[in-house]
Amino acid sequence: MIANIEEFERKLVDNELNRKQLAEKMCLPASVLTAKLEGNEEDFMLSEMVTIAQITQMSEAEFMLIFFDEKLSLNERNEKMVVTA
């Protein structure tokens, strides 16, 4: 299941993709991808999330927002990524 489906769909549109095309690029049946997106199937494996991120050219922040519904912010004092809810 994807935590932020609206952002996910926006990312597909930005990349001129639809769910069927994404499934084909992932070598998955479209029905399996749809079931995973809607939570009717098991969750995505990390490798599948990474593949989606690569195909749609997601940034780290987009990845966190789409898959975990969390925003990343840069803590300049420590110069590391900090997860904020």
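The structure we're discussing is the one just above.
Residues numbered from 1 in each chain as written. Predicted model: local features only at pLDDT ≥ 70, side-chain atom pairs only at ≥ 80, totals over all residues. Heavy atoms only, no water.

Details of the overall build of the protein chain
So, step 1. Regarding its fold elements, the protein chain presents five helices and two strands.
So, step 2. Across the protein chain, helices and strands are ordered from the amino to the carboxyl terminus as α-α-α-α-α-β-β.
So, step 3. Across the 85 residues that make up the protein chain, the buried fraction comes to 31%.
So, step 4. Looking at the protein chain alone, contacts between residues at least 24 apart form 40% of all its contacts between residues at least 6 apart.
So, step 5. Accessible surface for the protein chain amounts to roughly 5,700 Å². Of this, 49% is attributable to carbon and sulfur atoms. (Helix = DSSP H or I, 4+ residues; strand = E, 2+ residues; numbered from the N terminus. Buried < 20%, exposed > 50% of the residue type's maximum accessible area, 1.4 Å probe, protein only. Contact = heavy atoms within 4.5 Å. Areas by Shrake-Rupley, 256 points an atom, 1.4 Å probe, with all protein chains shown as cover.)

What to know about helix H2 (residues 19–26)
So, step 1. Leu 22, Ala 23 and Met 26 are the residues of H2 that are buried. Looking straight down H2, one finds that the buried residues subtend no more than 100° of arc, so they occupy a single side. Those residues of H2 that are exposed and angled more than 90 degrees off the buried face are Lys 20, Glu 24 and Lys 25.
So, step 2. Residues of H2 that are buried make contact with helix H1 (5–14), helix H3 (30–37) and helix H4 (46–55).
So, step 3. Backbone nitrogen of Lys 20 and a side-chain oxygen of the N-cap are separated by 3.0 Å at the start of H2; the cap is Asn 18.
So, step 4. Cys 27 sits one or two positions beyond H2 and adopts a positive phi of about 60°. (Arc of directions from axis to C-beta. Polar contact = N/O pair within 3.5 Å; in protein donor to acceptor, adjacent residues only side chain to side chain.)

What to know about the packing of aromatic side chains
Between two aromatic rings, the relevant description is the distance of the centres plus the angle of the planes.
So, step 1. Scanning all chains against the criterion turns up three aromatic pairs.
So, step 2. In this structure an aromatic cluster arises from ring pairing among Phe 44, Phe 63, Phe 67 and Phe 68. (Phe/Tyr/Trp six-rings, centres within 6.5 Å; stacked < 30°, edge-to-face > 60°.)

A look at helix H5 (residues 60–68)
Residue pairs three or four apart in sequence face the same way in an α-helix, which turns once every 3.6 residues.
So, step 1. Taken together, the buried positions of H5 are occupied by Phe 63, Met 64, Leu 65, Ile 66 and Phe 67.
So, step 2. Looking at the residues trailing H5, positive phi occurs at Asp 69, about 55°.

Digging into unusual backbone geometry
Outside of glycine, negative phi angles account for most residues, and trans bonds account for most peptide bonds.
So, step 1. Of note in the backbone geometry, Glu 16 takes a positive phi value of approximately 55° without being a glycine.
So, step 2. If you trace the backbone, Glu 16 turns up in the loop between H1 and H2.
So, step 3. Exposure remark for Glu 16: the relative accessible area of 72% places this residue in the exposed category.
So, step 4. At Cys 27, a position not held by glycine, the phi torsion is positive, near 60°.
So, step 5. Within the element layout of this structure, Cys 27 appears in the loop between H2 and H3.
So, step 6. Taking the relative accessible area as the measure of exposure, Cys 27 reaches 71% and is therefore exposed.

Topic: the side chain of Asn 4
So, step 1. Here Asn 4 shows up in the segment before H1.
So, step 2. Among the polar contacts made by the side chain of Asn 4, one reaches the side chain of Asp 69 at a distance of 3.3 Å.
So, step 3. Beyond its immediate chain neighbours, meaning those up to four positions away, Asn 4 contacts Leu 65, Ile 66 and Asp 69.

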